[in-house]
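# Examining the three-dimensional arrangement
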Amino acid sequence: MREIADGLHAQIAPSGVLVYRAQPSDAGIQLEVLANTNHPMGRSLERVLMPEHTIGHLVVDLGREIVVDDTLVHPLIKDTGAVSVMGIMAYIGVPCRFQGGVFGGISAVDTHRRHWGHEEVQAVRDSASALERLAKERHGGL
């Protein structure tokens, strides 16, 4: 997983890349960090991310990719802690699926507004596909 995160980071040069899995808990779905690059957003991350500080929860909950060039104007994201606390200004998130369900995802984040080009979005999709293949190889996911 670390190789997937590092490869994506080298390819599109965001502020950071996160690879995470969704874990059910009494408090709802929690995102467990499996790999990250560059301590995204200039801070070290806890092993489990708080839902109010992430956009990845939306990726998992909605089961679809989210691409945002400017989080300050996006209606689903602008008032979240991901923006106000973590300082995420641009975001790409792609869910990863196994056996018909979303088990996690990959996110690329930036600390400034950024237009994500088609090639950058495709690179995150390709990384998510690599993680899905890894889950299949391990017979049972992460």
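Within each chain, residue numbers correspond to sequence positions counted from 1 in written order. Residues qualify for local features only when their pLDDT is at least 70, as the model is predicted, and side-chain atom pairs are given and counted only at 80 or more; totals for whole chains, interfaces and linings, by contrast, use all residues. Where side-chain values are given, they derive from all heavy atoms of the structure, hydrogens and water being excluded.

### Regarding helix H4 (residues 118-137)
Working definition: helices are DSSP H or I runs of at least four residues, strands are E runs of at least two. Numbering for both runs from the N terminus. Each helix should span, by expectation, one fewer than its residue count multiplied by 1.5 Å. Spanning 20 residues, H4 covers 29 Å between terminal C-alpha atoms, matching the ideal 28 Å at 1.5 Å per step. Three exposure classes are used, based on accessible area relative to the maximum for each residue type with a 1.4 Å probe and protein chains only: buried under 20%, partly exposed in between, and exposed over 50%. Among the residues of H4, those classed as buried are Glu120, Val121, Ala123, Val124, Ser127, Ala128, Leu131, Glu132, Leu134 and Ala135.

### What to know about the side chain of Asp70
Its place among the elements puts Asp70 in the loop between strand S4 (66-68) and helix H3 (81-84). A polar side-chain atom of Asp70 sits 3.0 Å from the main-chain amide nitrogen of Leu72. Not counting residues up to four positions away in its chain, the partners in contact with Asp70 are Met89 and Arg113. Any pair of nitrogen or oxygen atoms within 3.5 Å is treated as a polar contact; in protein, a donor-acceptor pairing is required on top of that, and neighbouring residues in sequence qualify only through side-chain atoms on both sides. Contacts were defined at the residue level, with two residues in contact if any of their heavy atoms lie within 4.5 Å.

### A look at the confidence of the model for the protein chain
Averaged over every residue, the pLDDT of the protein chain is 88; the share at 70 or more is 89%. Confidence, read as mean pLDDT per element, is least for strand S3 (residues 48-49) in the protein chain (68) and greatest for S4 (98). pLDDT runs from 0 to 100 and stands for how confident the predictor is about each residue.

### Some thoughts on the pairing of strand S2 (residues 28-36)
Here, a strand pair is defined by DSSP locating no fewer than two bridges between the strands. Sheet topology places strand S1 (residues 16-25) next to S2; eight bridges connect them, and they run antiparallel. What sits directly across from Tyr20, in S2, is Val33. In textbook terms, the turn of a hairpin is the stretch between consecutive antiparallel strands, and for S1 and S2 this stretch comprises two residues.

### A few points about helix H1 (residues 2-12)
All of the buried residues in H1 are Ile4, Ala5, Leu8, His9 and Ile12. Along the long axis of H1, the arc covered by the buried residues comes to 130°, so they all point the same way. In H1, the exposed residues that point more than 90 degrees away from the buried face are Glu3, Ala10 and Gln11. Of the residues flanking the end of H1, it is Ala13, one or two places downstream, whose phi is positive at about 50°. By construction, the arc corresponds to the directions joining the helix axis to the C-beta atoms.

### Things to note about the packing of H1 against H4
Two numbers describe how H1 lies on H4: the axes approach to 10 Å, and their chain directions differ by 170°. Looking at the two axes, H1 sits roughly antiparallel to H4. Here Ile4, Leu8, Gln11 and Ile12 of H1 lie close against H4, whose contacting residues are Glu120, Ala123, Val124, Ser127, Ala130 and Leu131. Ten residues, namely Ala, Val, Leu, Ile, Met, Phe, Trp, Tyr, Cys and Pro, are considered nonpolar, four, namely Asp, Glu, Lys and Arg, are considered charged, and the remaining ones, Gly among them, are considered polar. Grouping the constituent residues of the contact of H1 with H4 by class yields seven nonpolar, two polar and one charged. For helices, the fitted axis covers only the stretch in contact; all axes are lines through C-alpha atoms, and the angles between them, taken along N-to-C directions, range from 0 to 180 degrees. To sort the angles, those under 35 degrees are grouped as roughly parallel, those over 145 as roughly antiparallel, those from 65 to 115 as roughly perpendicular, and the leftovers as oblique.

### Focus on the pairing of strand S6 (residues 101-110)
Summarising burial for S6: eight of the 10 residues are buried, a large majority. Summarising the sheet, S1 and S6 pair through six bridges and their orientation is antiparallel. The residue of S6 that forms the bridge with Leu18 is Ser107. Strand direction decides the pairing type here: strand S5 (residues 90-98) and S6, joined by nine bridges, are antiparallel. Across the sheet, Arg97 pairs through a bridge with Val102, a residue of S6. Hairpin connection, S5 to S6: the antiparallel pair is bridged by two residues, and Gln99 has positive phi, about 50°.

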